[in-house]
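Coordinate analysis (summary)
Chain residues, written in single-letter form:
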Protein chains: 4
Amino acid sequence: MYFASDNAGPVHPQVMDFLVKSNTGHARPYGDDALMDQVRDRLRDIFEAPDAAIYLVALGTAANSLALATLAQPFQTIFCSDVAHIHMDECNAPEFYTGGAKLTLVPGGDKMTADALRTSIQAEGNRGVHGPERGPVSITQVTERGGVYSINELSALTDVAKSYGLPVHMDGARFANALVTQNASPADMTWRLGVDALTFGGTKNGLMGVEAVIFFDPKHAWEFELRRKRAAHLFSKHRYLSAQMLAYLTDDLWLNSARQANANCTRLAKGLQAAGGQFMHHPDANMIYVKFPRHVHTRLQQAGAIYEADHTLAGDPDEMLPCRLVCDWSISSGLIDEFLSFF
Amino acid sequence: MYFASDNAGPVHPQVMDFLVKSNTGHARPYGDDALMDQVRDRLRDIFEAPDAAIYLVALGTAANSLALATLAQPFQTIFCSDVAHIHMDECNAPEFYTGGAKLTLVPGGDKMTADALRTSIQAEGNRGVHGPERGPVSITQVTERGGVYSINELSALTDVAKSYGLPVHMDGARFANALVTQNASPADMTWRLGVDALTFGGTKNGLMGVEAVIFFDPKHAWEFELRRKRAAHLFSKHRYLSAQMLAYLTDDLWLNSARQANANCTRLAKGLQAAGGQFMHHPDANMIYVKFPRHVHTRLQQAGAIYEADHTLAGDPDEMLPCRLVCDWSISSGLIDEFLSFF
Amino acid sequence: MYFASDNAGPVHPQVMDFLVKSNTGHARPYGDDALMDQVRDRLRDIFEAPDAAIYLVALGTAANSLALATLAQPFQTIFCSDVAHIHMDECNAPEFYTGGAKLTLVPGGDKMTADALRTSIQAEGNRGVHGPERGPVSITQVTERGGVYSINELSALTDVAKSYGLPVHMDGARFANALVTQNASPADMTWRLGVDALTFGGTKNGLMGVEAVIFFDPKHAWEFELRRKRAAHLFSKHRYLSAQMLAYLTDDLWLNSARQANANCTRLAKGLQAAGGQFMHHPDANMIYVKFPRHVHTRLQQAGAIYEADHTLAGDPDEMLPCRLVCDWSISSGLIDEFLSFF
Amino acid sequence: MYFASDNAGPVHPQVMDFLVKSNTGHARPYGDDALMDQVRDRLRDIFEAPDAAIYLVALGTAANSLALATLAQPFQTIFCSDVAHIHMDECNAPEFYTGGAKLTLVPGGDKMTADALRTSIQAEGNRGVHGPERGPVSITQVTERGGVYSINELSALTDVAKSYGLPVHMDGARFANALVTQNASPADMTWRLGVDALTFGGTKNGLMGVEAVIFFDPKHAWEFELRRKRAAHLFSKHRYLSAQMLAYLTDDLWLNSARQANANCTRLAKGLQAAGGQFMHHPDANMIYVKFPRHVHTRLQQAGAIYEADHTLAGDPDEMLPCRLVCDWSISSGLIDEFLSFF
């Protein structure tokens, strides 16, 4: 019963099969492989963006940091949610990659509202050279707490950014999960709203470790390539990144896996609700923040269930304690039901 | 006929099989997977270094830069060959990772001699705060031109470094190839000589993309872990790095693959010698720098042979022109003979 | 009527006289001048710290950033007030100098409380390699809003820092002003409480541009010297920094100037109180944050008074509007009375 | 008898007088002082560059590093002489300020030739993303060994730079000394040749510590201002930088002081030549690299003469030993003759 994260499950068999199939002969290194041509074509089709510059790296933090370093100057500040992955979970990687840019945390605890973003932006950039310049806005979709911005919510955020002339980055580590929730087109959820650079996640949705970085305006391409190499994120045997991403984009595997993960989450959430769980955020995609009684935690953990929870098992057995539960595509309905059986 | 590099061949089937076999269920992310425990045990055994701190990353440039950033301060200079990979082929990654340390190029054109190294070190660090402090010495084994330092040569270099109190890094992207050439033990070629940190390469010897960083003194461990995470080189689905490395270390695959690559190279070198090729460096491992007539280049390239050569095909057909030929484990003797048939 | 800042007044005549007097013959450059020996002796006496390592730079931001870069690692976070100069007014200098460390803003709006600091520290450093490590605590004395921490308040803060094993930096751009308010000894306000590094300001208190950085533990000395040089803050004609600082420390000029500035501020504050000004913070030293009616602002600004105020003069004449008023040693009582006459 | 450097003499009395004279009342901080307006006007006149963006900092290393950081990207390499100050004497400051750019050392030992520069540039930028991109060319005028490039020599260098589309920086720490040697106009020695950014030195020519950075194309202005502030090189009490520079530019003080320094050097050089000194470089400005017998060194040093020499006094008394002798404007002809009397 592993619900700790969507970064711990197996690689999807279709992906692994394609990796094995691609493992013949020599291939040009460093992104010049033929499979990468296909990846580029597919993603440009999917995003209706024939000029987009598209790159692969192995980690989400690399994708985010390299995209932000390309969009930001070291004397700027990046606007993001106060629980954004780039702030909380990347050990200063954005600061490192940008050469020392700051992050301005938009208060709210997860989703940014357009008003809160505007207030934060307005409060910066007023001090001449004394404070940092305003830099990119980074939006996380799916959010860190499992929410999904609606197209209208996104549009309000990008409107604010654009009114200040700021570039927009989207951290889409769980982009596919958000997309199937919104039932939107990839273009509608990104560049049509003004998103300049997208981290298009694959790792949390069945790949071994591949994320695409997509610049909808190719003017950033060459700088990004140099920054990727300088940061040691350009793979020599790049075809194995390409192969994963190509398998992901084939036969809608990326969408189907996200649908499966979201469906698993819905099944789990329904069960939790029925059992009296208190939701801390609405689970819009494949992640649940929920409280339930300590005695249930105790039983679950004794049974070997693994999930994020930051509290001790000693104390009032009826106290409602928070935890995070994440579903990926690979979790069976039986496992979910087994988990729920402990309530 | 692909002799351009050892970074373009297929993943060894035993590695791919083990990847497939490891692809079940959930595994703890970020290096806490059970396979990594085995990797650590195996490498400590192989290196007779029970306390060594051992980490995996996917790229050689990452391994080198993170190791150097851990050993060096930003106000220091790193001593290396004037054709070292860290200088020529990493797009300023060492400068980026160290926060702006300098590289001091020891002249010689490939192998460093102890005398040249001493002269370079002596010339730095004499200017108080005005010049950089002396920092780590980085030795490449196999060298960039296909040479292998003898144990005595290495010992002379590390003696110089130690006489100045400087730490030593070894860039062992082709460590296995060097080891089988020297028929030395891993410990004898590293920490017994005073090597502090080793980039233990796998990618060029049959892996998809994994290098180990080994600190023989574990005092560097925690700083390295933070630097790896900050640089976005800590894989969430780390088990797939572990699995590759474990397969590599199983049944001497790493040594056997290196022996095969070196044997392929020897076969090719003998043929080239017989055909009048002029060797620019002695091919000690799996790489050949050689000159042969333009008319042979012409025929080879018309036949689709791929290898590094920096000259035009127009000109005197008998002019001797340089090129680089690299063999990996996967090249068949038939392919080598086919290549030689064009002479 | 210039109350905008204490960085705009003249150099104290005693300082200028000593600069002129020191301007004969040649002097060893780069801090090896004889005057610097005297500065070092004087400051060690004043701080009762015979082993302290002492350096001069020209700017407060340089002093802060270099001190913090010496105490912090790039994968750490620095704890400071949410209005600290290092956060608000240095255009990412601490991030630049540390190589990308983060600042964690302790909420409160000016003074940090021990509880708020503890909560902020506790919330960091719990995420293994995913979040930054805990780094130095930076305390501003005088605070940005004109407050002065009592010895007890400081002690509570340094106790929290020490309980986590964190080094402490004090931004003492207005150290002398705080000292005369507290009537404490320099040692009691710094190292006896656990302060590791002090920015000892001179520029805002009558110098042309000199701040001392004092490390009470000299183990940081050589690293600081290299960082200072690398950051281009080591003056060749260093004697002119030494001369300023020596004049500052002679005949208690530093304390007398601070007393004069604080007395000027008290005179102004009393007048403002009598005139119905609403104090936003208690003016403990030489800075006042106060609100008074728009019609007074209008008259003052028409009369050419210069001070920081972020609002328009159009609007309800009776509306109470905020501003900042700063006194340095050079402001005459007549000027203060003239300012007050507009109320 | 101080001939060690031109960074150790007194501030010119006219400069000190003007500093004293400027020390009244309040002045707007951070470069908004009225004196800076005059500095800007004067320098624009002198350089016939009405649009130039002009800034003051206190140190030559700051001027060089900030100018280069504005012109270079972190994934580029800067071309300079193999003995350039930015390489030898700034403790990695250019690497720090640029965020990790590399320096490519053009061989030659002091002056760069156009051919050597072209060869160095040509050898870089051929490796796609693997090596650094080509970045700015930095030319030192007066050179580190006391040479002065002719306008033709400079033109040949800037032509090479421009043929690759590279920006040009001139390190003019001794710009005035070069100018009076060449008897050229400031515009002819800079922007008319294609120099983009100039470090216009004052410190080595009689100021306390001021250098101007001049961008002939103002497009770099705002970025420079942010970088200067971020690096802690924007003075609050900026008027004292302005005052120094204004005095320097008044009544040709800058040119007269340089003429005096060069004349002192000529007098010294003639004496050395007559005494059998062996010149290692032709002394074109105010610096001499010369060898003379050990027994003369012995006598000079026993008499308290101070100059740079890197050898022991024990050994063959007739051995010719190298040293560096630098003259500033303040050295009397009597002192020079006294020095020569030891031969």
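Calculation rules
- Residues numbered from 1 in each chain as written.
- Chains lettered and ligands numbered in written order.
- Predicted model: local features only at pLDDT ≥ 70, side-chain atom pairs only at ≥ 80, totals over all residues.
- Heavy atoms only, no water.
- Contact = heavy atoms within 4.5 Å.
- Buried area = accessible area lost by both parts, 1.4 Å probe.
- Salt bridge = Lys/Arg side-chain N within 4 Å of Asp/Glu carboxyl O.
- Least-squares fit on C-alpha atoms with pLDDT ≥ 70 in both.
- Buried < 20%, exposed > 50% of the residue type's maximum accessible area, 1.4 Å probe, protein only.
- Helix = DSSP H or I, 4+ residues; strand = E, 2+ residues; numbered from the N terminus.
- Arc of directions from axis to C-beta.
- 1 Å grid on protein atoms, 1.4 Å probe; cavity = no way out; pocket = protein on both sides within 12 Å on 5 of 7 lines; lining within 4 Å.
- Points joined across faces, edges and corners; volume = space filled by probe spheres on them.
- Domains from an automatic or database assignment.
- Polar contact = N/O pair within 3.5 Å; in protein donor to acceptor, adjacent residues only side chain to side chain.

Quick notes on the interface of chain B and chain D
- On the chain D side, the residues contacting the 20 residues of chain B number 20 residues.
- Together chain B and chain D conceal approximately 1,600 Å² of surface at their shared face, both sides included; 43% is due to carbon and sulfur atoms.
- On the chain B side of the contact with chain D, Cys91, Asn92 and Lys102 of chain B bury the most area, a combined 35% of that side's loss.
- If you look at where chain B meets chain D, you find two salt bridges.

Regarding the relation of the copies chain B and chain D
- Note on the identical chains: chain B maps onto chain D by a rotation of 180° and an axial translation of 0.0 Å, with an RMSD of 0.0 Å. The superposition operator between the copies reduces to a two-fold rotation axis. Looking at the rotation axis and the C-alpha trace of chain B, the residue lying nearest is Gly100 of chain B, at 2.3 Å.
- The overlap is high: 100% of the interface residues of chain B also sit at the interface in chain D, so the same surface is used on both sides.

Things to note about the relation of the copies chain A and chain B
- For these two chains of identical sequence, chain A goes onto chain B by a turn of 180° and a shift of 0.0 Å along the axis, with RMSD 0.0 Å.
- Both copies present the same face, since 100% of the interface residues in chain A are matched by interface residues at the equivalent positions in chain B.

Topic: helix α12 (residues 294-302) of chain C
Residue and element names in this part refer to chain C.
- The complete set of buried residues in α12 reads Arg294, Val296, His297 and Leu300. Angularly, the buried residues of α12 cover 155° about the axis, an arc narrow enough to put them on a single face.
- Those residues of α12 hidden inside the fold are in contact with β9 (287-293), β10 (320-326) and α13 (333-340).
- At the C-terminal side of α12, Gly304 shows a positive phi close to 95°.

Comments concerning empty space enclosed by the protein
- A full pass over the atoms with the stated rule returns 10 cavities of 30 Å³ or more.
- Size it by volume and the largest cavity reaches roughly 320 Å³.
- As for the largest cavity, its lining consists of 28 residues, of which Gly60, Thr61, His85 and Lys204 of chain A together with Tyr30 of chain B are closest to the centre.
- If one sorts the elements of the lining of the largest cavity by residue count, helix α3 (residues 60-71) of chain A sits on top with three residues.

Examining the domain arrangement of chain A
Residues and elements named next belong to chain A.
- For chain A, the assigned domains are domain 1 (12-253) and domain 2 (254-340).
- Relative to domain 2, the C-alpha centre of domain 1 lies at a distance of 28 Å.
- Of the residues lining the interface, 28 residues belong to domain 1; the matching set on domain 2 comes to 18 residues.
- Buried surface at the junction of domain 1 and domain 2, summed over both partners, amounts to about 1,900 Å²; 57% is from carbon and sulfur atoms.
- The largest share of the area that domain 1 buries against domain 2 comes from Arg145, Val180 and Asp252, three residues that together contribute 28% of it.
- At the junction of domain 1 and domain 2, the tally comes to zero salt bridges.
- For the pair domain 1 and domain 2, the number of links is 17 residue pairs in polar contact (both at pLDDT 80 or more).

Focus: the environment of Cys265 of chain B
All names here are of chain B.
- Note on placement: Cys265 falls in helix α11 (residues 253-274).
- Along the primary structure Cys265 and Ala285 are separated by 20 residues, whereas in three dimensions their C-alpha atoms are 7.1 Å apart.
- Once residues lying within four places of it in the same chain are set aside, the contact partners of Cys265 are Pro283, Ala285, Asn286, Met287, Ile288 and Cys327.

So, the interface of chain A and chain B
- Contact residues are listed per partner, giving 48 residues for chain A and 48 residues for chain B.
- Summing both sides of the interface, chain A and chain B together bury roughly 4,300 Å²; the carbon and sulfur share of this comes to 62%.
- Linking chain A with chain B are zero salt bridges.
- On the surface where chain A and chain B come into contact, there are 25 residue pairs in polar contact (both at pLDDT 80 or more).
- Only α1 (13-21), α3, α5 (93-98), α9 (221-230) and α10 (239-249) of chain A provide two or more residues apiece to the side of chain A that touches chain B.

Details of the pattern of salt bridges
- Scanning all chains against the criterion turns up 56 salt bridges over all chains.
- The shortest N-O distance in the salt bridge between Arg127 of chain D and Glu124 of chain D comes to 3.5 Å.
- Assessed through its relative accessible area of 7%, Glu124 of chain D is described here as buried.
- Linked through salt bridges whose partners overlap, the residues forming this network are Glu48, Asp188 and Arg192 of chain A.

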